[in-house]
Amino acid sequence: MTDLNESLTRKRLAGFITRAAGARDATIVALERMSGGAVQENWALDVELDGELRRWVLRTDARAPVRESLTRAQEFAVLKVAHAANVLAPEPLYLCADPAVTGQQFFIMQRRPGVAAGHRVTRDPELVPDPARLARELAANLARLHRIKPPHPELGFLKTVLARDNIAHYRSYLDTLSRAYPVLEWGLRWCEIKAPASEETTFIHRDYRTGNYLVNDGHLAGLLDWEFPAFGNPLEDVGWMCARCWRFARPDLAVGGVAKLEDFIPEYERASGRHVSRTDLVYWQVMAHLRWAVIALQQVERHLSGADRSLELALTGHIIGQLELEILDLTEQT
Amino acid sequence: MNDRPDARELLQAARDAFTAEILPALAHELRYTGLMVANAMAIVQREIEAGDAAARAEWERLGKLFSKRPEPLAGDVLHGALASYNQRLANDIRAGRFDGRERAAMLENLRRTTEEKLAVSNPKALQGR
């Protein structure tokens, strides 16, 4: 963990903000680590810029970055493009690529009000008084995001991952492990057999789910966590949003534990002009569980290898069974 | 032979003390860690209680699936043998050798193995399905 509050670091940071904002004076009023983000750190940053209070978030690398995550500079570029496409996301403000300021790359973005924590959003009806409305907002926002298409001059660094690329990628990861995962192999084989003959390619977020968006006054207020985007099949994001592993306290509510499918899919179809069949949805729900299982295995590996020892990463190993059970349930339906 | 309480009993006592006395007294920012510690202890406890039974049942099923008559094994030998059978199963699934008639038997084995694993990892996930 970096300590941004070390007095020299804080001073250099204030200097950077003054220059980046073209201000006369920037005074850091508060700088505090926010919860969440095992991979990247978010700090709540309140600054008086020429006497006017600004509420921002400073986003910086943690010690051990995971594979497949973007650099902060790339994430900043993605946020700019998303923001310009009217996707609800924090507005990115200043990027600092110079490690001399804090020791790491970081950027500053607007701090939006609201609650993101999945266990609260799925449990507290006061936070989400009209779940169907929130689901429609999530659907319309996702459709806007999927309007960003490759090739894109600002996003040349993004990989393209379609269904078969995902399968090959997950298999090559499983091949590095010392034990076999037959259920995951079955899920991958099923996805291979049922892979779509042709796929549309758009910008995809790849972590569009409850826990990663802010809810404020019952409305969608912004999408967080832009670490894993790619170009790919837009239905991958739809499947991720509706996967059982992201329903927190309400596994009975298919759309992120907050709403029913019929509150989300028709609105997504209307706003995107794309048809989402039941078969498509199940396909990408299976893929979502495969992906989460692979990420969970990578997290366990970080603990087991000693690279990053933590009880939280260790316990991630014990969610694999739940993901496997869901893969079996979904693939036996069809 | 070790004295009583044995590993399982001692862990139970430690977990009871932890959840009854320490967890409620933890500061808010340590509560999540406290819950994870209690969860980890519960998993260990269930793993000790489950013993080798699930592994032996899995060994039987895999033997049938591969048309072998496996001899009864125990301990590390059993776990080593299971690992190599599961590697073979994984390879065969990937190669499409279970796409046809044997698919149902293969899936039945995977489901049982997953349920046995969850009985240790997270028994709540098996409820209400």
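Being a predicted model, the structure only gives us computed values, none of them experimental.

### Side note on the overall build of chain B
And then number 1: In terms of regular secondary structure, chain B is built from 5 helices and 0 strands.
And then number 2: Reading chain B from its N terminus to its C terminus gives the helix and strand order α-α-α-α-α.
And then number 3: What you see for chain B is a C-alpha radius of gyration of 19 Å, clearly larger than the 14 Å of a compact globule of 129 residues, by over 25%.
And then number 4: Counting only C-alpha atoms, chain B reaches 55 × 40 × 25 Å along its principal axes.

### Some details on helix H2 (residues 72-84) of chain A
For an α-helix, the turn length of 3.6 residues means that residues three or four places apart are oriented alike.
All names here are of chain A.
And then number 1: Taking 1.5 Å of rise per residue, the 13 residues of H2 would be expected to cover 18 Å, and the 18 Å separating its terminal C-alpha atoms lies within 8% of that figure.
And then number 2: Where H2 is concerned, the buried positions are Arg72, Glu75, Phe76, Ala77, Val78, Leu79, Val81 and Ala82.
And then number 3: Buried residues belonging to H2 abut strand S3 (52-61), strand S4 (92-96), strand S5 (106-110) and helix H4 (131-145).
And then number 4: Downstream of H2 by a residue or two, Asn86 has a phi angle that is positive, lying close to 65 degrees.

### Observations concerning the sheet that holds strand S2 (residues 40-49) of chain A
Residue and element names in this part refer to chain A.
And then number 1: Taken together, the 5 strands give an open sheet; going across it, the order is S1-S2-S3-S5-S4, and neighbouring strands pair in antiparallel fashion. Across the chains shown, the open sheet's two edge strands, defined by having one partner strand only, are strand S1 (26-33) and S4. Across this sheet, the average inter-strand angle for adjacent strands is 25 degrees, counted without regard to direction.
And then number 2: Packing against the sheet, helix H1 (residues 7-21) makes contact with S1, S2 and S4, and its axis sits at approximately 120 degrees to S1.
And then number 3: Contacts from H2 reach S3, S4 and S5 within the one sheet, and its direction differs from that of S4 by about 160 degrees.

### Some thoughts on the pairing of S5(A)
Residue and element names in this part refer to chain A.
And then number 1: Within S5, 4 of the 5 residues are buried, which leaves it mostly tucked inside the rest of the structure.
And then number 2: Pairing of S3 with S5 involves 5 bridges; the strand directions are antiparallel. When the sheet's bridge partners are listed, Leu58 is paired in S5 with Ile108.
And then number 3: Two elements, S4 and S5, share 4 bridges in a ladder whose sense is antiparallel.

### Concerning helix H5 (residues 163-174) of chain A
All names here are of chain A.
And then number 1: The first and last C-alpha atoms of H5 sit 17 Å apart over 12 residues, in line with the 16 Å expected at 1.5 Å per residue.
And then number 2: For H5, the complete set of buried residues consists of Ala163, Asn166, Tyr170 and Leu174. In a view along the axis of H5, the buried residues occupy a sector of 65 degrees, so they form one face of it.
And then number 3: Looking at the packing, one finds that the buried side of H5 touches strand S6 (160-161), helix H6 (182-193) and helix H9 (278-304).

### Considerations on the packing of H4(A) against helix H8 (residues 261-272) of chain A
Residues and elements named next belong to chain A.
And then number 1: Relative to each other, H4 and H8 sit at 35 degrees, their axes nearing to 8 Å. Along this stretch, H4 crosses H8, giving a crossing that reads as right-handed. Here H4 contributes Pro131, Ala132, Ala135, Arg136, Leu138, Ala139, Ala140, Leu142 and Ala143 to the contact with H8, which in turn contributes Asp263, Phe264, Glu267, Tyr268, Ala271 and Ser272.
And then number 2: Considering only residue class, the contact of H4 with H8 consists of 11 nonpolar, 1 polar and 3 charged.

### Focus on the domain arrangement of chain B
Many descriptions give the size of an interface as the accessible area lost when the pieces come together.
Residue and element names in this part refer to chain B.
And then number 1: You can read the domains of chain B as domain 1 (7-50) and domain 2 (53-126).
And then number 2: In this structure, domain 1 and domain 2 have C-alpha centres spaced 31 Å apart.
And then number 3: Of the residues belonging to the side of domain 1 that touches domain 2, the class tally is 2 nonpolar, no polar and 2 charged.

### Section: the interface of chain A and chain B
And then number 1: With 18 residues of chain A in contact, the opposing surface of chain B contributes 23 residues.
And then number 2: Mapped onto the side of chain A that touches chain B, the elements with two or more residues apiece are H6, helix H10 (311-316) and helix H11 (320-333) of chain A.
And then number 3: The element contributing the most residues to the side of chain A that touches chain B is H11(A), with 6 residues.
And then number 4: When its residues are assigned to classes, the side of chain A that touches chain B shows 9 nonpolar, 3 polar and 6 charged.

### Brief notes about the environment of B:Leu23
Residue and element names in this part refer to chain B.
And then number 1: Position of Leu23 among the secondary structure elements: in the loop between helix H1 (7-22) and helix H2 (28-50).
And then number 2: When the C-alpha atoms of Leu23 and Leu35 are compared, they prove to be 7.5 Å apart, with 12 residues separating the residues in sequence.
And then number 3: Leu23 has contacts with Phe18, Gly34 and Ala38, leaving out every residue within four places of it along the chain.

### Points about the environment of B:Leu35
Residues and elements named next belong to chain B.
And then number 1: You can see Leu35 is positioned in helix H2.
And then number 2: For Leu35, a count of 13 C-beta atoms within 10 Å corresponds to the partly exposed category.
And then number 3: The spatial distance from the C-alpha of Leu35 to the C-alpha of Trp59 is 34 Å, given a sequence separation of 24 residues.

### What to know about the nonpolar core
And then number 1: Counting 100 residues, the largest nonpolar core has A:Val255, A:Leu290 and A:Ala293 as the members making the most contacts within it.
And then number 2: Tallying contributions element by element places H9(A) first for this core, with 11 residues.

### Some thoughts on the environment of A:Val238
Residue and element names in this part refer to chain A.
And then number 1: Among the secondary structure elements, Val238 is positioned in helix H7 (residues 234-241).
And then number 2: Exposure remark for Val238: the 29 C-beta atoms within 10 Å place this residue in the buried category.
And then number 3: Residues contacting Val238, with those up to four places away along its chain left out, are Tyr268, Val276, Leu281 and Trp284.

### Remarks on the sheet that holds strand S7 (residues 202-204) of chain A
Note on sheets: strands pair through backbone hydrogen bonds, and any given pair is parallel or antiparallel.
Residue and element names in this part refer to chain A.
And then number 1: Read from one edge to the other, the open sheet built from 3 strands follows the order S6-S10-S7, with strand pairing classed as mixed. Each of the sheet's edge strands pairs with one partner strand only, and the pair in question is S6 and S7.
And then number 2: Summarising the sheet, S7 and strand S10 (residues 230-232) pair through 3 bridges and their orientation is antiparallel. When the bridges of S10 are listed, Ile204 appears paired with Ala230.

### Description of the domain arrangement of chain A
Residue and element names in this part refer to chain A.
And then number 1: You can read the domains of chain A as domain 1 (7-110) and domain 2 (118-333).
And then number 2: The gap between the C-alpha centroids of domain 1 and domain 2 is 27 Å.
And then number 3: Between domain 1 and domain 2, the contact holds 21 residues from the first and 21 residues from the second.
And then number 4: Of all the elements, H2 adds the most residues to the side of domain 1 that touches domain 2, at 8 residues.
And then number 5: Partitioning the side of domain 1 that touches domain 2 into residue classes produces 14 nonpolar, 4 polar and 3 charged.

Each value, and the rule that gives it
- Position numbers for residues count from 1 along each chain, tracking the sequence in the order it is written.
- To label them, take the chains in the order written and letter them from A, then take the ligands in the order written and number them from 1.
- Reporting in this predicted model follows two pLDDT cut-offs: at least 70 for local features of residues, and 80 or more for side-chain atom pairs to be given and counted; totals over whole chains, interfaces and linings ignore these cut-offs and use all residues.
- A run of H or I in DSSP becomes a helix once it reaches four residues, and a run of E becomes a strand once it reaches two; helices and strands are each numbered from the N terminus.
- As defined in this context, the radius of gyration uses C-alpha atoms, and a globule is described by 2.2 Å times the residue total to the power 0.38.
- For a helix, the expected span equals 1.5 Å multiplied by the number of residues minus one.
- With C-beta atoms placed from the backbone, the exposure class of a residue follows from how many other C-beta atoms lie within 10 Å of its own: 20 or more, buried; 12 or fewer, exposed; in between, partly exposed.
- Contact definition: two residues whose C-beta atoms, as placed from backbone geometry, lie within 7 Å.
- In this analysis, strands are considered paired if DSSP registers two or more bridges between them.
- Only the contacting stretch of a helix is used when fitting its axis, a line to C-alpha atoms as for every element, and angles between N-to-C directions run 0 to 180 degrees.
- In this context, the arc is that of the directions from the helix axis out to the C-beta atoms.
- When the near helix sits turned anticlockwise from the far one by under a right angle, the crossing is termed left-handed; a clockwise turn instead gives a right-handed crossing.
- Each residue gets one label: Ala, Val, Leu, Ile, Met, Phe, Trp, Tyr, Cys and Pro are nonpolar, Asp, Glu, Lys and Arg are charged, and the others, such as Gly, are polar.
- Note: domain ranges come from an automatic or database domain assignment.
- In this usage, the nonpolar core is the set of buried Ala, Val, Leu, Ile, Met, Phe, Trp, Tyr and Cys residues whose C-beta atoms join them within 7 Å.

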